[in-house]
Amino acid sequence: MNERVAIVGVGWAGFKPISPELSYKELTYQAAVKAYADAGVDPRRDVESFVTVAEDFNEGTSIFDEYTPDQLGAALKPMHTISGDGLHGLATACMLIRTGRFAIVAVEGHSKASNVLSLHQVSAYAQDPVLNRPLRLNNHFIAGMEMNRYLHESGTTRAQCAAVVVKNRRNALANPSAPYGAELEPEDVLSGPTLAWPLGSREAAEPSDGAIVMVLASAERARELTDKPIWIRGLGWCSDSPSLENREWGRAIYARQAARMAYRQAGIGYPPKEIDFAEVDDTYAFKELQALEALELFPAGEAGRMLEAGATLPGGELPVNVSGGSLGMGHLLEATGLARALEAVLQLRGEAGARQLKGAKVGVVQSWRGAPTNCGAVAILSN
Amino acid sequence: MTMRKVAVVGAGMTRFVRRALETGKELSWQAARMALDSCSLSLDDVDAVCLGTAPDAFDGVHMKGEYLSDGAGAWRKPYMRSYVGGGTGVFVPIQGWYHVASGLFDVALVIAEEKMSSYHPHAQAAFLTIFDHTTERPLKPNLLWIFALEMNRYMHTYGISKADIARVAVKNKRNAADHPCALLGDREITVEDVLNSEVLAWPVNRLDVSPVTDGAVAVVLAAEHVARRITDKPVWIEGVGWCLDTAHWTNRDLAYPRYVESAARMAYEMAGIKEPRKEINIVEPYDPFDYKELHHLEGLLLADRGQAPQLVADGVTERTGNMPVCPSGGLLGVGNPIAAAGLMKIAELFWQLRGEAGARQVPGNPRRGLAQAWGDLMQVGTVVIMGR
């Protein structure tokens, strides 16, 4: 068994609201070429297995895994698709390496959201076809209900949620790959149209196009390939009830369970002390606060206040979504978790440019699969 | 480097038949319950859940894995859905294998579910959107049509007749008459019946093809130290292999599935198998079409190229032959709820190797078996080798 696994190469293409000049294959190819060059590997010779994360309906192609190998150099190799988020893909690559059968594995996620003419109608097809779909619910409505319950239980305010948007879109101004950077005031967010009360339309991430490829290696191979391996110290994932009728609405139990699994592997007993920064899901602004509490980085109900006190700013005690998050980089469908992990890798390598955090040693990364799901994953990375 | 050993310790399977009353969640639950009961475990003992199911288009449910998760027993557990098209049914136990072999989990519940009957008028229409949107979809191909191309190429390359191939359908449907979950078991079927059934897309006739249907199968995997506590008869996963070829199927020589060979070589190497024809006692290759069983036996290196039909003609692949092939009845006889049909082959090997296959039992205390599935655009091979 290979106990330890490291990320030894990253590459990405994008991210932008539309990309009519490139197909998803071309975006992925660009990301793959960069990742292989970064890792110093040849995909045909060195990479032993490949994992893609994708969902058929987002691609507009049934059995989408047919179209995954060529742009990665994976034809005639052991490759499979995980119908999950990028962090599920990362966990899969990690498990493959840990078996001892593989030393180098590549993971790919991409988004061509701009090709989907009716993204919200498509995503509504994820609702229970018998119990929920006849109600003609919109997924933003489900998110609005969840936000309402979270605000009610935690005492978090709408102004605090708006402050998440202000922070993340300001952070995005320092990230050349983030298309949604902006200098906003909380009032700009709160004065926008309502999406599904109390959720405002400016608190929801807009979609982006792009692709991310990561190369993972066993400890032995990682040390040969790079001076800056980024270690995967813990991984957790969890699916809570998919049903709207009997789920916990206020708290992200899937994130708490996934985090506990990851912390246990990483030997982290008291996360607030041992985690230097976080990249968490912010598909909707309130999700960032809810996630920080689920990850036990702040006590329940405290994330909003800590944000107002500046704790999660780039210079704060726990910088959160320095990348700009999904609010700043755009939501990347299944690649979203990989985008969070990408930022953690760059920060831990000291390659984050203008947004580089000082002395970052351990980062936590978290994903959510979006409404109406109740599932996500967590990774702990360190340098 | 030592690898963690992983065993199959339990299996369960629903009947393969149109299940209009049950949702996919309920089918998953039934199979999971049977598999857990078979080894006296409960959901509390399960550390992680792996799910396999074919395209979301069958059910019209986006992120179908998430929708099925509670039915599959994954509530508040680590849960993932893997996907390699038609190869999924034999991939999902591989996914379970790496969950346990990684050392992260001791017990994994592996489920494959398919509900094809909700598609109207016929699930084949879900396959119209599997083709390249620019180069192929305008031609309106369907799956029967491209597999007819492959069957024709196979027949042409090696001079194989339709009657040679029809023997496979006859053998498997007769074998399936002994399977309590089978949809299309038929002890009386003859080669003439197959040849005289209507042509769907020449050279494919209706009885050359396995029927679409609904069903679910589940198996329980456990790490060695747990498996030995659960059962006296663990069946070990000795080798796994998978291989995905290019999406450009029109550039492929359809006479020989080299991606299957590649997957098989990976599994043989892991299992330490040097001479597969001598060391594999039971084969459950993927047989959605009768010619595919032959094609796959060749890809698995269990028959010389173009020679698999001779093995069938000589009776070698009968349940009592030297190398029984699809003693379960295969997809042609038991039915083809896609992902579930692949995992059915794993369950069959589990029962056969434990001597629990009842009327289907292969004689002679078989020690080792191989299951294989195939899918995508004639593109992916998945192989699992199991042994006592």
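Nothing here was measured: the structure is a model prediction, and the numbers come from that model. Every chain is numbered on its own, with residues counted from 1 as its sequence reads. The lettering of chains begins at A and the numbering of ligands begins at 1, in the order of writing. With pLDDT at 70 or above as the cut-off, local features in this predicted model cover only qualifying residues; side-chain atom pairs require 80 or more to be listed or tallied, and sums for whole chains, interfaces and linings still use all residues. Remark: hydrogens and water are excluded; side-chain values derive from all non-hydrogen atoms of the structure.

Topic: the overall build of chain A
To keep things clear, this is the line we draw: Under the DSSP-based scheme used, a helix requires at least four consecutive residues in state H or I and a strand at least two consecutive residues in state E, with every element numbered from the N terminus. Put simply, the radius of gyration uses C-alpha atoms, and a globule should come to 2.2 Å times the residue count raised to 0.38. Where accessible areas are quoted, they stem from the Shrake-Rupley method and a 1.4 Å probe; at the residue level, only the protein chains shown are allowed to cover. Positive charges come from Lys and Arg alone, negative charges from Asp and Glu alone, with His and the N- and C-terminal ends not counted. One atom stands in for each charge, and that atom is NZ of Lys, CZ of Arg, CG of Asp or CD of Glu.
For chain A, the helix and strand inventory stands at 14 helices and 11 strands. A globule of 383 residues ought to have a C-alpha radius of gyration of about 21 Å, and chain A, at 19 Å, matches this closely. With the C-alpha coordinates aligned to their principal axes, the bounding extent of chain A is approximately 55 × 45 × 40 Å. Roughly 12500 Å² of accessible area belongs to chain A as shown, and the carbon and sulfur atoms make up 52% of that amount. Of the charged side chains in chain A, 36 are positive and 45 negative; the average position of the first set lies 3 Å away from that of the second.

Side note on the interface of chain B and chain A
Rules: Contact criterion: two residues are considered in contact whenever any of their non-hydrogen atoms come within 4.5 Å of each other. Throughout this description, the term salt bridge denotes a Lys or Arg side-chain nitrogen within 4 Å of a carboxyl oxygen of Asp or Glu. N or O atoms closer than or at 3.5 Å make up a polar contact, with two conditions inside protein: a donor-capable atom paired with an acceptor-capable one, and, for residues adjacent in sequence, both atoms drawn from side chains. When DSSP finds two or more bridges between a pair of strands, those strands are recorded as paired.
Taken together, the contact between chain B and chain A spans 64 residues of the former and 63 residues of the latter. Notably, a salt bridge pairs A:Arg101 with B:Glu269, separated by 4.0 Å at the nearest N-O pair. Where chain B packs against chain A, one counts 22 residue pairs in polar contact (both at pLDDT 80 or more). Elements that contribute at least two residues to the side of chain B that touches chain A include exactly α2 (64-68), β3 (79-83), α3 (88-101), β8 (235-244) and α8 (258-271) of chain B. Across 2 bridges, strand β3 (residues 79-82) of chain A lies against β3(B) in antiparallel orientation. Bridged to A:Thr81 within β3(B) is B:Tyr83.

Overview of the pattern of salt bridges
Residues and elements named next belong to chain B. Defined as follows: Burial status follows relative accessibility: with a 1.4 Å probe on protein chains alone, a residue under 20% of its type maximum counts as buried, one over 50% as exposed, and anything between as partly exposed.
The final tally for this structure, using the stated rule, is 51 salt bridges over all chains. Note that glutamate 198 and arginine 206 form a salt bridge whose closest N and O atoms lie 3.1 Å from each other. Glutamate 198 sits in the partly exposed class, given a relative accessible area of 44%. For the salt bridge of lysine 345 with aspartate 287, the shortest nitrogen-to-oxygen distance reads 3.3 Å. Here lysine 345 is found in helix α13 (residues 338-353), whereas its partner aspartate 287 is found in the loop between β9 (282-284) and α10 (290-299), with 58 residues between them in sequence.

Let's talk about the packing of aromatic side chains
Counted only if it meets this: Any two of the Phe, Tyr and Trp rings considered here, Trp counted by its six-membered ring, make a pair once their centres fall within 6.5 Å; the pair's planes then place it as stacked at under 30 degrees, edge-to-face at over 60, or tilted in between. Working rule: Lys NZ or Arg CZ, within 6 Å of ring centre, within 35 degrees of ring normal, means a charge sits over the ring.
Within this structure, the stated rule accounts for 15 aromatic pairs over all chains. On the basis of an interplanar angle of 80° and a centroid distance of 5.2 Å, the ring pair of B:Phe147 and B:Phe289 is categorised as edge-to-face. Of this pair, B:Phe147 sits in helix α4 (residues 143-158) while B:Phe289 sits in the loop between β9 and α10; the two residues are 142 residues apart in sequence, bridging distant segments of the chain. You can call B:Phe289 buried: its relative accessible area is 5%. Ring geometry for B:Phe289 against B:Tyr291: centres 6.0 Å apart, planes inclined by 65°, an arrangement best described as edge-to-face. Assigned by exposure class, B:Phe289 and B:Tyr291 land together as buried. Directly above the aromatic system of A:Trp249 lies the positively charged group of A:Arg247, at a separation of 5.3 Å from the ring centroid. The side chain of B:Arg305 reaches across the aromatic face of B:Tyr256, ending 3.5 Å from its centre.

Some points on the packing of helix α5 (residues 139-154) of chain A against helix α11 (residues 285-294) of chain A
All names here are of chain A. Put simply, the rule reads: Axes here mean lines fitted to C-alpha atoms, for a helix over just the part in contact, with angles spanning 0 to 180 degrees between N-to-C directions. Orientation categories follow fixed angle ranges, with anything under 35 degrees roughly parallel, anything over 145 roughly antiparallel, 65 to 115 roughly perpendicular, and all other angles oblique. Here a crossing is called left-handed whenever its near helix is offset anticlockwise from the far helix by less than a right angle, and right-handed whenever the offset is clockwise. Just so you know the grouping, Ala, Val, Leu, Ile, Met, Phe, Trp, Tyr, Cys and Pro go in nonpolar, Asp, Glu, Lys and Arg go in charged, and all remaining residues, Gly too, go in polar.
Taken N-terminus to C-terminus, the directions of α5 and α11 make an angle of 50°; their axes are 10 Å apart at the nearest point. Between α5 and α11, the crossing angle belongs to the class labelled oblique. For the element pair α5 and α11, the recorded crossing hand is left-handed. Listed contacts from α11 to Ala143, Glu146, Met147, Tyr150 and Ser154 of α5 are Phe286, Lys287, Leu289, Gln290 and Glu293. In terms of residue class, the contact of α5 with α11 is built from 5 nonpolar, 2 polar and 3 charged.

Things to note about α8(B)
All names here are of chain B. Convention followed: To estimate the expected span of a helix, count its residues, drop one, and scale the result by 1.5 Å.
Over its 14 residues, α8 runs 20 Å from end to end, which matches the ideal 20 Å to within 8%, given 1.5 Å per residue. Across the 14 residues that make up α8, a large majority, 10, are buried. Those residues of α8 that fall on the buried side of the exposure criterion are Tyr259, Val260, Glu261, Ala263, Ala264, Met266, Ala267, Tyr268, Met270 and Ala271.

Side note on the pairing of strand β7 (residues 209-218) of chain A
If a strand is regular, its side chains alternate between the two faces of the sheet. Residue and element names in this part refer to chain A. Among the 10 residues that make up β7, 10 are buried, leaving the element largely enclosed by the rest of the structure. A two-sided burial pattern is seen for β7, the buried positions comprising Asp209, Ala211, Val213, Val215 and Ala217 on one face and Gly210, Ile212, Met214, Leu216 and Ser218 on the other. With 10 bridges connecting them, strand β1 (residues 5-16) and β7 associate as antiparallel partners. Of the residues in β7, the one forming a bridge with alanine 6 is alanine 217. Bridge count between strand β4 (residues 104-112) and β7: 9 bridges; the pairing is antiparallel.

A closer look at the packing of helix α5 (residues 162-176) of chain B against α10(B)
Residues and elements named next belong to chain B. Taken N-terminus to C-terminus, the directions of α5 and α10 make an angle of 105°; their axes are 7 Å apart at the nearest point. It follows from the interaxial angle that α5 and α10 lie roughly perpendicular. Residue-level contacts link Ile165, Ala166, Val168, Ala169, Lys171 and Asn172 of α5 to Asp290, Tyr291, Glu293 and Leu294 of α10. In the contact of α5 with α10, the residues fall into 6 nonpolar, 1 polar and 3 charged.

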